[in-house]
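Notes for the structure review
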Amino acid sequence: QLRLAESRGGLVQPGGSLRLSCDASGRIDYYGIGWFRQVPGKEREFVSCISNTYGTTKHADSVTGRFTISREKDKNTVYLQMTNLKPEDTGLYFCAADGSGNCALYSDRYDFWGQGTQVTVSA
């Protein structure tokens, strides 16, 4: 079973930047990878995704122009570069892997999930 681990979250002021990492226990060249975030009492929210080796990407309207998803060259790590962070970006960020290789907008399309890394944006 594929295992994922998110890291590099933290506390940042509005306007600041963070780069989240999603590290996989095996090769993920063929997997689509998604980033989602969640706050207590609310539904999990799609943030961004990247497809298999062709690297097609999608992102939520709320983060367009601020967040960028990318793959490491060895395909074992996916990053989420977050810039111009806003308080509403606060949440627990999860990465997920879709064995079909697609860049999916819906959380139920993903097969494997990490434990999450906390991002807090506050002055």
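Residues numbered from 1 in each chain as written. Predicted model: local features only at pLDDT ≥ 70, side-chain atom pairs only at ≥ 80, totals over all residues. Heavy atoms only, no water.

**A look at unusual backbone geometry**
For the record, the criterion: Each helix is a run of H or I in the DSSP string that is no shorter than four residues. Each strand is a run of E no shorter than two, and both are numbered from the N terminus.
A positive phi angle is found at Arg8, which is not glycine, with a value near 80 degrees. With respect to the secondary-structure elements, Arg8 resides in the loop between β1 (4–7) and β2 (10–12).

**Digging into the state of the cysteines**
As used here, a disulfide is simply a covalent bond connecting the sulfur atoms of two cysteines. To keep things clear, this is the line we draw: Counting rule for disulfides: a pair of cysteine sulfur atoms within 2.5 Å. Burial classes: relative accessible area under 20% of the type maximum marks a residue as buried, over 50% as exposed, and values in between as partly exposed (1.4 Å probe, protein chains only).
Applying the stated rule across the entire model yields two disulfides. Put simply, Cys22 and Cys95 are joined by a disulfide, and their sulfur atoms are 2.1 Å apart. Because the sign of the S-S torsion sets the handedness, a value of about 70 degrees for the bond joining Cys22 and Cys95 places this disulfide among the right-handed ones. With Cys22 in strand β3 (residues 18–24) and Cys95 in strand β9 (residues 91–98), the pair connects residues that are 73 residues apart, well separated along the chain. On the accessibility criterion, Cys22 (0% relative accessible area) is buried.

**Observations regarding the environment of Gln38**
Short version of the rule: By the convention used here, residues are in contact when the closest approach between their heavy atoms is within 4.5 Å. By the criterion applied in these results, polar contacts are pairs of N or O atoms within 3.5 Å in which, for protein atoms, one can donate a hydrogen and the other can accept it, and in which residues neighboring in sequence qualify only through two side-chain atoms.
With respect to the element layout, Gln38 can be found in strand β4 (residues 32–38). For Gln38, a relative accessible area of 28% translates into the label partly exposed. Between the C-alpha atoms of Gln38 and Thr90, which are 52 residues apart in sequence, the distance is 8.5 Å. Every residue in contact with Gln38, bar those within four places of it in the chain, is listed here: Glu43, Arg44, Gly91, Leu92 and Phe94. In this structure the side chain of Gln38 is engaged in a polar contact, spanning 3.2 Å, whose partner is the backbone oxygen of Lys42.

**As for the pattern of salt bridges**
The test is simple: Any Lys or Arg side-chain nitrogen found within 4 Å of a carboxyl oxygen on Asp or Glu counts as a salt bridge.
For the coordinates displayed, the defined rule picks out four salt bridges. Note that Arg37 is salt-bridged to Asp89, the shortest N-O span being 2.9 Å. A residue pair is termed long-range when its members are at least 10 positions apart, and Arg37 in strand β4 and Asp89 in the loop between β8 (77–82) and β9 qualify at 52 residues. In this structure Arg37 comes out as buried when scored by relative accessible area, which is 5%. Close ionic contact of Arg66 with Asp89 constitutes a salt bridge, the shortest N to O distance being 2.7 Å.

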